[in-house]
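Structure assessment
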Amino acid sequence: MTYTVESKTVASQPLAAVKRRARQNELSTVVPEACGIVWDAVKALHIKGGRHVAIYWNGEIDLEVGVEVADAFEGKGEVLRSATPAGPVLTTVHFGMYDRLGDAHQAIVDWAKQQNKSLAGPNWEVYGHWTDDLSQLRTDVFYLLK
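Remember, it's a predicted structure, so these values are computed and weren't measured experimentally.

A negative phi angle characterises most non-glycine residues, just as the trans form characterises most peptide bonds. In this structure, His46 takes a positive phi of about 60 degrees despite not being glycine. Counting through the fold element by element, His46 comes out in the loop between α1 (27-44) and β3 (49-56). Exposure remark for His46: the relative accessible area of 72% places this residue in the exposed category. Phi is positive for Ile61, close to 60 degrees, though the residue is something other than glycine. Mapped onto the elements, Ile61 comes out in the loop between β3 and β4 (62-69). A residue is classified by how much of its surface remains accessible, and Ile61, at 11% relative accessible area, is buried.

Spelled out as structure tokens, the structure:
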């Protein structure tokens, strides 16, 4: 897949989220499990939830996994209020299964290097709504710039 990398400024998006730490090879299990925990809490709190989001804060893979929310809430159990970073980012869109998301991340890292842009560290994925047409399964990938 060919990726188009865009530089833009984004606002922070409020989330209901859980905190996790995982190894790279655990992400395919940790992220969906955390999404389920957060979605159940959002439904129990009667909050309208949006798309699922995973924020990777650092190379140790401290992450937050959650759901976009518009309404304020107090939290429920391990589900806390959080938000995506705000500011200048590099972003691209990945279409297809999640097992190829690494290609989108690499496209951003490569583009940043070619354009002499410095990545700040945090990056995140916003997962589009599920579709059985896997070629239309959308994930937006963001990297915060310094």
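Moving on, we get to the layout of surface pockets. The calculated volume of the largest pocket comes to roughly 680 Å³. Lining of the largest pocket is provided by 28 residues; of these, Leu27, Tyr56, Leu101, Glu125 and Tyr127 occupy positions nearest its centre. Secondary structure elements with two or more residues in the lining of the largest pocket: α1, β3, α2 (101-114) and β7 (119-127). Counting residues per element, the lining of the largest pocket draws most heavily on α1, at 6 residues. By residue class, the composition of the lining of the largest pocket is 12 nonpolar, 13 polar and 3 charged. Of the voids in this model, the second largest pocket is the one considered here, and its volume is about 160 Å³. If you list the elements that add at least two residues to the lining of the second largest pocket, you get β7 and β8 (138-145). Residues of the lining of the second largest pocket, tallied by class, amount to 6 nonpolar, 3 polar and 3 charged.

Definitions and cut-offs
- Just so you know, the residues in each chain are numbered from 1, in the order the chain's sequence is written.
- Per-residue local features are limited, in this predicted model, to residues with pLDDT of at least 70; the limit for side-chain atom pairs, both in listing and counting, is 80 or more; totals at the level of whole chains, interfaces and linings are taken over all residues.
- The side-chain values count all of the structure's non-hydrogen atoms but skip hydrogen atoms and water molecules.
- Helix numbers and strand numbers start at the N terminus; a helix is a DSSP run of H or I with at least 4 residues, a strand a run of E with at least 2.
- Here the term buried applies to any residue with accessible area under 20% of the maximum for its type, exposed to any over 50%, and partly exposed to those in between, with areas from a 1.4 Å probe on protein chains only.
- Both cavities and pockets are sets of points on a 1 Å grid over the protein atoms alone; in a cavity a 1.4 Å probe fits but cannot get out, in a pocket the set is open with protein on both sides within 12 Å along at least five of seven lines, and lining residues sit with an atom within 4 Å of a point.
- Grid points are joined across faces, edges and corners, and a volume is the space filled by probe spheres set on the points.
- Three classes are used, and their members are as follows: Ala, Val, Leu, Ile, Met, Phe, Trp, Tyr, Cys and Pro are nonpolar, Asp, Glu, Lys and Arg are charged, and the others, Gly among them, are polar.

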